[in-house]
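Examining the three-dimensional arrangement
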Amino acid sequence: QVQLVESGGGLVQAGGSLSLSCAASGGVIFSINAMDWYRQAPGKQRELVAQINRGGSTNYAESVKGRFTISIDNAKHTGYLQMASLKPEDTAVYYCNVPLIATNRGILRDNWGQGTQVTVSS
């Protein structure tokens, strides 16, 4: 069974950096061409913060633009969210989503990681 496993969250001081990863594993995976990163803080709506599309184009929420970088290493079936100059308002649970995972048994749609907590202290 294919799943997305997130790692890299933790506690960091304001101004610091963290790098999150989202790795697909299990089954026979052909490709992961796009990924989205969302975050959700307590009492707030889920927010799309970064997106990488097939072909490598990227989009970022205005609040993180210039500070976060999204990437995919398809050979490793892993995506990343590099976060720098972190602010307390970045504190949230971060979730990766892969719209399409191509496997030997077909295409899996709307795949979510389990979430990883990022806490930025002031």
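See the structure shown above.
Residue positions are given per chain, counting from 1 as you read along its sequence in written order. It should be noted that, the model being predicted, local features are given only for residues of pLDDT at least 70 and side-chain atom pairs only at 80 or more, the latter also being counted only at that level, while totals for whole chains, interfaces and linings use all residues. Note that the side-chain values use all heavy atoms of the structure and ignore hydrogens as well as water.

1. Brief notes about the nonpolar core
Nonpolar side chains in soluble globular proteins generally cluster together in the buried interior. How we decide: Among buried residues, the Ala, Val, Leu, Ile, Met, Phe, Trp, Tyr and Cys ones that are joined through side-chain atoms within 4.5 Å form a nonpolar core. Throughout this description, buried means an accessible area under 20% of the type-specific maximum (1.4 Å probe, protein chains only), exposed means over 50%, and partly exposed covers the range between. Each helix corresponds to a stretch of at least 4 residues labelled H or I by DSSP, and each strand to a stretch of at least 2 residues labelled E; elements are numbered beginning at the N terminus. In this description, contact between two residues means that some pair of their heavy atoms is separated by no more than 4.5 Å.
Counting 29 residues, the largest nonpolar core has Trp37, Leu81, Met83 and Tyr94 as its most contacted members. Those elements that place two or more of their residues in this core are strand E3 (18-25), strand E4 (29-32), strand E5 (35-40), strand E6 (47-52), strand E8 (68-73), strand E9 (78-83), strand E10 (92-103) and strand E12 (116-121). If we skip the residues at most four places from it in the chain, Tyr94 touches Glu6, Leu20, Trp37, Tyr38, Arg39, Val49, Phe68, Leu81, Met83, Gly115, Thr116 and Val118.

2. Some thoughts on the environment of Gln114
Quick note on the threshold: Distance and chemistry together define a polar contact, namely a pair of N or O atoms within 3.5 Å, with one atom able to donate a hydrogen and the other to accept it when in protein, and with adjacent residues in sequence counting only for side-chain atoms on both sides.
With respect to the secondary-structure elements, Gln114 resides in the loop between strand E11 (106-112) and E12. For Gln114, a relative accessible area of 46% gives the class partly exposed. Residues Gln114 and Leu100, spaced 14 residues apart in sequence, show a C-alpha to C-alpha distance of 17 Å. Apart from the residues within four sequence positions on either side, Gln114 is in contact with Leu4, Val5, Glu6 and Tyr95. Looking at Gln114, its side chain comes within polar contact range of the main-chain oxygen of Glu6, at 2.9 Å.

All quantities given are derived from atomic positions and should not be read as evidence of function.
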